[in-house]
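# Secondary and tertiary structure notes
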Amino acid sequence: MFFDKALPAALIAVLGTPLLAQTDIPFALDWKFEGPSAPYFHALDAGYFSDADLNVTISEGAGSLDAIPKVATGAFPIGFADINSLMRFLDQNPDAPVTAVMMVYDKPPFAIVGRESLGVMEPSDLEGKVLGAPPPDGAWAQFPIFAAETGIDVDAITIEPVGFPTREPMLAEGNVAAITGFSFSSTLNLKRLGVPEDDISVMLMADYGVDLYGNAIIVNTDFAAENPEIVTAFLSAVAMGWKDSIATPDAAIAALMERNPAADADLETERLQMAIDGNVLTDYVMENGMGGIDADRMANAIEQTKSVYEFVTEPDAALYFDDSYLPDDGSLMLQ
């Protein structure tokens, strides 16, 4: 019988060829696995991360500030956090290796959410009422700017520190008249708790003169400097995840439900759509693509922050946002 002696050698050569290793990327979210996090899970399931040789794992967070120290310490190379909180963090920790590289919430979801039945429909209605605010909440951090822009008397408002888990239940039970929070989170949590939709009043701070940006993808700058192609590939995959989620939100929610089967799919679809319509797919983003910022608006946002927060050093937008890692492959155009 004839044997091809070259065959075993060829097999050995193939089997001995090492597979390309994927880069592990732990990604720290700002909050729980809810509708607005669906695009990241969709990007995972659609293979956008793995196509770039990235092994991404996604961890939930505990608020808008939560990911900042995680990324600054290097525990996570990439995270998702409020850029305004990042500005203050870097002012207090000037050598921390962290910056924002991709704006996601072009219009921030910072809001005051109240109940009309408790007399809260406009900013001045907060005077004489109890406002529930979690101390680590990104919306609460911007409340002084909202107060200054609307001219309300903060001294006439009773501020009740509350925890994230008790915030919406306290409003649903009438223990507070309004709360600070993200518009899409608090509104739909209240609906889930049985508060009628027509009893919920939402004051989006951006509609009352607050010119800030919202949450952004942040990176550890040491990691980014050593791995610029990895960061850019990650951002491209994120953009494609959002683009698909805008076109087919049901597919994105399906990816979310795989990670949070106890969630209400209809509610989370509505939450995702609120984030898309109100915060992500703005006029600026439709024209310019997602991810970038307008320099004049950012300068104004810094000035507004200076009006309520005393910087230790002169603020510099270049410290807070670096657009050099944004992809130029067209993936940032969402429609």
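An account of the accompanying structure is given in this report.

Conventions we followed
Residues numbered from 1 in each chain as written. Predicted model: local features only at pLDDT ≥ 70, side-chain atom pairs only at ≥ 80, totals over all residues. Heavy atoms only, no water. Phe/Tyr/Trp six-rings, centres within 6.5 Å; stacked < 30°, edge-to-face > 60°. Helix = DSSP H or I, 4+ residues; strand = E, 2+ residues; numbered from the N terminus. Buried < 20%, exposed > 50% of the residue type's maximum accessible area, 1.4 Å probe, protein only. Lys NZ or Arg CZ within 6 Å of the ring centre and 35° of its normal. Polar contact = N/O pair within 3.5 Å; in protein donor to acceptor, adjacent residues only side chain to side chain. Contact = heavy atoms within 4.5 Å. Expected span 1.5 Å × (residues − 1). Bend = angle between axes of the 7 residues up to and from the residue. Pairing = 2+ DSSP bridges. Axes fitted to C-alpha atoms, helices over the stretch in contact; angles between N-to-C directions. Parallel < 35°, antiparallel > 145°, perpendicular 65-115°, else oblique. Left-handed = near helix turned anticlockwise from the far one by under 90°. Nonpolar A, V, L, I, M, F, W, Y, C, P; charged D, E, K, R; others polar. Core = buried A, V, L, I, M, F, W, Y, C linked by side-chain atoms within 4.5 Å.

## Thoughts on the packing of aromatic side chains
The description of an aromatic ring pair rests on the distance of the ring centres and on the angle between the ring planes. Counted under the stated rule, the structure contains 16 aromatic pairs. Geometrically, the ring pair formed by Phe143 and Phe146 is tilted, given 5.9 Å between the ring centres and 40° between the ring planes. Of this pair, Phe143 and Phe146 are both found in helix H5 (residues 138-150), three residues apart, which corresponds to roughly one turn of the helix. Taken individually, Phe143 and Phe146 each receive the classification buried, so the pair is uniform in this respect. Through a chain of ring-to-ring contacts, three or more aromatic side chains come together here, namely Phe27, Tyr40, Phe49, Phe80, Tyr105, Phe110, Phe182, Phe184, Phe234 and Trp242. Taking NZ or CZ as reference, Arg297 lies 3.7 Å from the ring centre of Tyr213, over its face.

## Considering the side chain of Asn220
As for its position among the elements, Asn220 is in strand S10 (residues 215-220). Separated by 2.9 Å, the side chain of Asn220 and the backbone oxygen of Val71 make a polar contact. Here the side chain of Asn220 touches Phe223 through a polar contact of 3.1 Å, landing on its backbone nitrogen. Each residue touching Asn220, except ones within four places of it in the same chain, is listed here: Val71, Ala72, Thr73, Gly74, Phe76, Pro77 and Pro97.

## Side note on H5
Counted at 1.5 Å a residue, the expected span for H5 with its 13 residues is 18 Å, and the 19 Å between its end C-alpha atoms agrees. The sharpest bend along H5 comes to roughly 35°, located at Pro144. For H5, the full list of buried residues reads Gly138, Ala139, Ala141, Gln142, Phe143, Ile145, Phe146 and Ala147.

## Comments concerning the sheet that holds strand S2 (residues 54-59)
Backbone-to-backbone hydrogen bonds join strands into a sheet, with any given pair of strands oriented parallel or antiparallel. Spatially, the five strands line up as an open sheet ordered S2-S1-S3-S10-S4, and their pairing is mixed. In this open sheet, the two edge strands, each paired with only one partner strand, are S2 and strand S4 (98-103). For this sheet the average axis-to-axis angle between neighbouring strands, irrespective of direction, equals 30°. Across six bridges, the pairing between strand S1 (residues 23-28) and S2 is parallel. Bridging across to S2, Asp24 finds its partner in Asn55. Packed onto the sheet, helix H2 (residues 38-45) meets S1, S2, strand S3 (78-82) and S10 and runs at close to 150° relative to S2.

## Details of the packing of helix H7 (residues 183-192) against helix H11 (residues 265-280)
H11 packs onto H7 with a crossing angle of 150° between their chain directions and a minimal axis gap of 9 Å. By the criterion of interaxial angle, the relationship of H7 to H11 is roughly antiparallel. For the pair H7 and H11, the crossing hand works out as right-handed. Along its contact with H7, which presents Ser183, Phe184, Ser185, Thr187, Leu188, Asn189, Lys191 and Arg192, the element H11 presents Leu267, Glu270, Arg271, Met274, Ala275 and Asn279. Its residues assigned to classes, the contact of H7 with H11 comprises five nonpolar, five polar and four charged.

## Considering the nonpolar core
Ranked by size, the top nonpolar core spans 69 residues in total, and within it Phe27, Tyr40, Phe143, Ile217, Phe234 and Trp242 carry the most contacts. When residues of this core are assigned to their parent elements, the largest contribution, nine residues, is made by helix H9 (residues 228-247). Discounting chain neighbours no more than four positions away, the residues touching Phe27 are Tyr40, Val56, Thr57, Ile58, Ser59, Phe76, Ile78, Gly79, Phe80, Ile217 and Phe234. The next biggest cluster of nonpolar side chains, apart from the first, holds 25 residues, and it includes Ala67, Ala96, Met298 and Tyr309.

## Structural notes on the side chain of Arg115
Relative to the helices and strands, Arg115 is located in strand S5 (residues 110-115). In contact with Arg115, other than residues within four places in its own chain, are Val120, Leu171, Ala172, Glu173, Gly174, Ala177, Val195, Asp199 and Ser201.

## As for the packing of helix H4 (residues 83-92) against helix H13 (residues 295-308)
Contact geometry of H4 with H13 gives a least axis separation of 12 Å together with a crossing angle of 60°. Classed by the angle they form, the pair H4 and H13 counts as oblique. Taken as a pair, H4 and H13 cross one another with a handedness that is right-handed. Here Ile83, Met87 and Arg88 of H4 come into contact with H13, specifically with Met298, Ile302, Thr305 and Val308. Split into classes, the residues belonging to the contact of H4 with H13 amount to five nonpolar, one polar and one charged.

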